[in-house]
Amino acid sequence: MKFQKFVKALGSDGIVYNRKNGERWLASDKVFMKIPEDIRSVTCTEVADMPEFVENIINYDSFTDPCDLHKAVMPYADGVIKDCVRIYATEGAQNKVAIDNSAYALIERKDIVEMFVKFNAEEETSEGKALVIKRPAKFSSAEDEEVLGLIFPTDYEE
């Protein structure tokens, strides 16, 4: 994910969250991005502990499903590119997550995009809750894929 672009877009309006493992993440209302280890300081409005639901998504990455860009939609006939909504979907379009154009611009070609899906066992249904952005091991110092960011859905109804 493009951290410098994210910082520039946020200005000083982001929140820095500290994870239990010592990682620092910068967040807006819909995007959480891991702060690279070589970045020592970031201007923000607040520093807090990572919310438990976000910590759980990062930790339980075995519960993510592969997904691809399914389609791009212009919600307004006279809209501009910043209004574009990108729809990611799992295989067979069973689960979908819509993200806005500014979040989409943070995803790089080499990033792995997967979907965090919440299952309801009683009703036997599932729903896409967030996109999990990972860096492949060959581009990372980690032995395995590294979670770099989370993108939560934008308000959009098909």
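Everything below is about the structure printed above this text.
Keep in mind it's a predicted model, so treat the numbers as computed, not measured.

A. Quick look at the side chain of Thr 90. The residue Thr 90 is located in strand S6 (residues 85-90) in this model. Taking relative accessible area as the criterion, Thr 90 reaches 10% and is therefore assigned buried. Contacts of Thr 90, omitting those with residues within four sequence positions, involve Asp 65, Pro 66, Cys 67, Asn 95 and Met 115.

B. Quick look at the sheet that holds strand S4 (residues 46-49). Ordered in space as S4-S1-S2-S3-S10-S9-S8-S5-S6-S7, the 10 strands form an open sheet in which the pairing is mixed. One side of each edge strand has no neighbouring strand; the edge strands of this open sheet are S4 and strand S7 (96-100). Sheet twist, expressed as the mean angle between neighbouring strand axes with direction ignored, is 35 degrees. Contacts from helix H1 (residues 3-10) reach strand S2 (24-27) and strand S3 (31-34), with the element oriented near 50 degrees to S2. Against the sheet, helix H2 (residues 52-59) makes contact with S2, S3, strand S8 (112-120), strand S9 (125-135) and strand S10 (146-151), and its axis sits at roughly 135 degrees relative to S10, the strand it touches most.

C. Just the pattern of salt bridges, in detail. A complete count under the given rule lists 11 salt bridges for this structure. Here Arg 19 and Glu 23 are joined by a salt bridge, their closest N and O atoms 2.6 Å apart. In this structure Arg 19 comes out as buried when scored by relative accessible area, which is 9%. Of the charged contacts, one joins Lys 129 and Glu 127 as a salt bridge, the two residues approaching to 3.4 Å between their closest N and O atoms. Taking relative accessible area as the criterion, Lys 129 reaches 31% and is therefore assigned partly exposed. When its relative accessible area of 45% is taken as the criterion, Glu 127 is described as partly exposed.

D. Up close: the packing of aromatic side chains. Counted under the stated rule, the structure contains 3 aromatic pairs. Seen from their ring centres, Tyr 17 and Phe 32 are 5.5 Å apart, and the 20 degrees between their planes marks the pair as stacked. With Tyr 17 in strand S1 (residues 15-18) and Phe 32 in strand S3, this pair connects stretches of sequence that are 15 residues apart. When sorted by exposure, Tyr 17 lands in the same class as Phe 32, which is buried. Measuring from ring centre to ring centre gives 5.8 Å for Phe 32 and Phe 152, while their planes differ by 75 degrees; the resulting arrangement is edge-to-face. Taken together, the residues Phe 32 in strand S3 and Phe 152 in the segment after S10 connect sequence positions 120 residues apart. Its relative accessible area of 6% is what places Phe 32 among the buried residues.

E. Region of interest: the pairing of S6. Burial analysis of S6 places 6 of its 6 residues in the buried class, which makes it a mostly covered element. The alternating pattern of S6 places Val 85, Ile 87 and Ala 89 and Arg 86, Tyr 88 and Thr 90 on opposite faces, both of which are buried. In terms of strand pairing, strand S5 (residues 64-73) meets S6 through 6 bridges, oriented antiparallel. Of the residues in S6, the one forming a bridge with Asp 68 is Ala 89. Note that S6 and S7 share 5 bridges and pair antiparallel. Among the inter-strand pairings, Ala 89 is bridged to a residue of S7, identified as Lys 96. A loop of 5 residues connects S6 with S7, the two strands running antiparallel in sequence, and Gly 92 in this loop sits at a positive phi of about 75 degrees.

Criteria and cut-off values
- Residues numbered from 1 in each chain as written.
- Predicted model: local features only at pLDDT ≥ 70, side-chain atom pairs only at ≥ 80, totals over all residues.
- Heavy atoms only, no water.
- Helix = DSSP H or I, 4+ residues; strand = E, 2+ residues; numbered from the N terminus.
- Buried < 20%, exposed > 50% of the residue type's maximum accessible area, 1.4 Å probe, protein only.
- Contact = heavy atoms within 4.5 Å.
- Pairing = 2+ DSSP bridges.
- Axes fitted to C-alpha atoms, helices over the stretch in contact; angles between N-to-C directions.
- Salt bridge = Lys/Arg side-chain N within 4 Å of Asp/Glu carboxyl O.
- Phe/Tyr/Trp six-rings, centres within 6.5 Å; stacked < 30°, edge-to-face > 60°.

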